[in-house]
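# Reading the structure
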Amino acid sequence: MKNTKPPLWELREISKAFPGVQALDKVSVSIFAGEILALVGENGSGKSTLAKCLAGVHQPESGELIHQGEPVEFAHPFEARERGVATIYQEFSLVPTLSVAENIFLGRYVVKSKLTGIDWEMMRQQTSEILNTLSIQFDPDEVVRDLSVAEQQLIEITKAMSVDSTLLIMDEPTAALGLAETRQLHELILRLADQGQAILYISHRLDEIFQIADRITVLKDGRCIDTQPASSLEMMEVVRMMIGFDIGQHYPKEINVTSETCLEVDHISTETGVNDVSFDIKVGEVFGLGGMVGAGRTEIANALFGLDRLTEGSIKLYGEPIQLSNPADAIHAGIGLVPENRKEDGLFFNFNGSLNITLSRLSSILKWGFLNLTQEHQTGKYYFEKLNITSSGLERSAQFLSGGNQQKVVIARWLFSQAKLLIFDEPTQGVDIGAKIEVYRVINDLTSQGYSVILISSDYLELLAMSDRIAIVRDGKILQISPAKELTEYELLSIASGAEGNGNG
Ligand SMILES: Nc1ncnc2c1ncn2[C@@H]1O[C@H](COP(=O)(O)OP(=O)(O)OP(=O)(O)O)[C@@H](O)[C@H]1O
Ligand SMILES: [Mg+2]
């Protein structure tokens, strides 16, 4: 099928460089009204940078942005918005201390009159309406800080949708969403495209892309490799274009379980909703926690990492009872956590990559009480190579690394800390397929060396493939523990969503 209409947007030979990296190199692509155009590529390939050029956040140093045949230049995101561009950024842009409604209308408060000031009632009402059309249930007055990552993601989406737009850019909108919310969002996107909206959709979840995209554009190292109708492409072809070679096995699972017990969790509960949870983990085992967003998986992880106090129950590591009053206790005992929200909990954004890694065991690289910079650099370099992280990140602040590379730095830190039990909370969220396989290999490496792993993942295919056993969590309780091999996708989803019997959650 050929588009006979002129494109809504045409990007012609867009280039953008940052110090030390050519983020975009003469990228050309057209976007048509009513289409879903997916933008894919490895971590650091330039997807977010391209989106930000269209959104007026970055100014390309050469090339043209053409809107309905007319060349435009944006000095400010505000000007892009006037041209109908609405954006959901990969990094959250919410203000934690403001309410849902205030966040949605931030920067464009509705004013009633000079005398009465801001029309809160109107803003609240409009917020409720948008939330309703999205079938999202929120109190507009709720403070954003109190919401989960998934909920904040939904507010980001709501915020972008509240602006009249003709082009909606979504940069990893489902990274923090569970299956049910993802499905909801996709229905909405398809509806919007039907109504004539153009959608630029960035995601590492290729299965999603093949479900919704009309065309797919592949970026690699800042260059546009190709744009093709999704119907004419195979997933493996796209992967090959992204990374330049065939990946072989998607889930390289190794079984390294031993008979020795690493962790024993005995009837624990917390104030945050963990409800009488018991399980044990063997040395070398990958123990998966499955469940919907908000089921209590992160809360279990937080309890094991000393972030949340136990109100009942006890924990033993290698047969020894341990008391976890704070994360320092957990780290001391040998438990590490790669958190879900790496921006808030995971990284020190002003530190460079290697310092972010060595931070977990600084004492080991101190010399006469001073930081041994050579050793720090070498350690950083070792892990950057091991996990295939862009080497420029070694010396630059972590904030300038692409999303997926930031995730790898957090993982590297825990590898260096030499914890015995590592909890990975959504470790491959926002990570490209090549790096995902690196993470799986890291998990194999760890378990073969006698580490144990707790894997929390909303990517149920990954969870089923990479775990030895899976506990299904709902409402803070473990409903069932089974060998991953004996569990089907369908069972996992229906039990996790509480929809046993009717099949649809
Ligand atoms: N503000 C910035 N300053 C310096 N370098 C940057 C900046 N933003 C991006 N970069 C660099 O530009 C390159 C492209 O980054 P970009 O964020 O566009 O990648 P991406 O494709 O969105 O990756 P991911 O899938 O990890 O989100 C990377 O090398 C990144 O480190
Ligand atoms: Mg990005």
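Residues numbered from 1 in each chain as written. Chains lettered and ligands numbered in written order. Predicted model: local features only at pLDDT ≥ 70, side-chain atom pairs only at ≥ 80, totals over all residues. Heavy atoms only, no water.

### A few points about the overall build of the protein
Assigned secondary structure in the protein consists of 17 helices and 24 strands. In the protein, which comprises 505 residues, the share counted as buried stands at 52%. Here the protein displays about 22,700 Å² of accessible surface, and carbon together with sulfur accounts for 49% of that area. (Helix = DSSP H or I, 4+ residues; strand = E, 2+ residues; numbered from the N terminus. Buried < 20%, exposed > 50% of the residue type's maximum accessible area, 1.4 Å probe, protein only. Areas by Shrake-Rupley, 256 points an atom, 1.4 Å probe, with all protein chains shown as cover.)

### Brief notes about the packing of aromatic side chains
Aromatic ring pairs are defined here through the distance separating the ring centres and the angle between the ring planes. Scanning all chains against the criterion turns up three aromatic pairs. Seen in terms of ring centroids, Phe279 and Phe287 are 4.8 Å apart; in terms of plane orientation they differ by 10°. Their pairing is stacked. (Phe/Tyr/Trp six-rings, centres within 6.5 Å; stacked < 30°, edge-to-face > 60°.)

### Description of the pattern of salt bridges
Under the counting rule described, the total for this entry stands at 14 salt bridges. For Arg215, the salt bridge goes to Glu35, with nearest N and O atoms at 2.8 Å. Of this pair, Arg215 sits in strand E11 (residues 215–220) while Glu35 is found in the loop between strand E2 (21–31) and strand E3 (36–40), placing the two residues 180 residues apart along the sequence. For Arg215, a relative accessible area of 18% gives the class buried. For Glu35, a relative accessible area of 5% translates into the label buried. Here Glu121 and Arg124 are joined by a salt bridge, their closest N and O atoms 3.2 Å apart. Highlighted residues: Glu121 and Arg124, both in helix H4 (residues 120–133), separated by three residues, approximately one helical turn. The exposure class assigned to Glu121 is partly exposed, which follows from its relative accessible area of 49%. (Salt bridge = Lys/Arg side-chain N within 4 Å of Asp/Glu carboxyl O.)

### Considering the sheet that holds strand E16 (residues 310–317)
With antiparallel pairing, the four strands of this open sheet are ordered in space as E14-E13-E16-E17. Each of the sheet's edge strands pairs with one partner strand only, and the pair in question is strand E14 (277–282) and strand E17 (320–322). Here the average twist between neighbouring strands, direction ignored, is 15°. Where strand E13 (residues 261–270) lies against E16, six bridges are found, and the strand directions are antiparallel. Looking at the pairing, Val265 lines up with Ile315 of E16. Contacts from helix H9 (residues 297–304) reach E13, E14 and E16 within the one sheet, and its direction differs from that of E13 by about 110°. (Pairing = 2+ DSSP bridges. Axes fitted to C-alpha atoms, helices over the stretch in contact; angles between N-to-C directions. Contact = heavy atoms within 4.5 Å.)

### Some thoughts on helix H6 (residues 179–194)
Over its 16 residues, H6 extends 23 Å from the first C-alpha to the last, a length consistent with the 22 Å expected when each residue adds 1.5 Å. Looking at H6, one finds that the buried residues are Glu181, Thr182, Leu185, His186, Leu188, Ile189, Leu192 and Ala193. Taken end-on, H6 shows its buried residues confined to a sector of 165°, consistent with a single buried face. Buried residues along H6 sit in contact with E3, H4, helix H5 (149–161), strand E9 (167–171), strand E10 (198–202) and helix H7 (206–212). (Expected span 1.5 Å × (residues − 1). Arc of directions from axis to C-beta.)

### Observations concerning the side chain of Asn256
Following the sequence through the fold, Asn256 ends up in the loop between helix H8 (235–243) and E13. Reaching out from Asn256, the side chain makes a polar contact with the side chain of Thr447 at a distance of 2.9 Å. Among all residues touching Asn256, those that are not within four sequence positions of it are Val283, Gly284, Asn444, Thr447 and Ser448. (Polar contact = N/O pair within 3.5 Å; in protein donor to acceptor, adjacent residues only side chain to side chain.)

### Notes on the pairing of strand E22 (residues 452–456)
Of all five residues that make up E22, five are buried, and the element is covered over most of its length. Bridge count between strand E21 (residues 421–425) and E22: five bridges; the pairing is parallel. Each residue of the ladder has a partner; that of Leu421, found in E22, is Ser452.

### As for the side chain of Thr127
Topologically, Thr127 is positioned in helix H4. Ignoring any residue separated from it by four or fewer positions in sequence, one finds Thr127 in contact with Val100, Ala101, Ile104, Phe105 and Pro140.

### Brief notes about the nonpolar core
With 62 residues, the main nonpolar core has Leu263, Phe279, Leu304, Phe424 and Ile454 as its most contacted residues. Here the element with the most residues in this core is helix H15 (residues 433–448); it accounts for six residues. With residues up to four places along the chain from it excluded, the contact list for Phe279 reads Leu263, Glu264, Val265, Phe287, Ile300, Leu304, Ile454, Ile478 and Ile481. By size, the runner-up hydrophobic cluster in this structure holds 44 residues, among which are Ala38, Phe105, Ile157 and Ile243. (Core = buried A, V, L, I, M, F, W, Y, C linked by side-chain atoms within 4.5 Å.)

### As for the sheet that holds E21
Two orientations exist for strands paired in a sheet by backbone hydrogen bonds: parallel and antiparallel. Strand order in the open sheet formed by six strands is E18-E21-E22-E15-E23-E24, and the pairing between neighbours is mixed. Two strands close off the open sheet at either side, each with one partner strand: strand E18 (335–338) and strand E24 (477–483). Recorded for the sheet is a direction-independent mean angle of 20° between the axes of neighbouring strands. Sitting on the sheet, H15 is in contact with strand E15 (286–290), E21 and E22, with an inclination near 150° to E22. Packing of helix H17 (residues 489–497) onto the sheet brings it into contact with strand E23 (469–474) and E24, and relative to E23 it is tilted by some 25°.

Remember that the coordinates give geometry; whether it matters functionally is a separate question.
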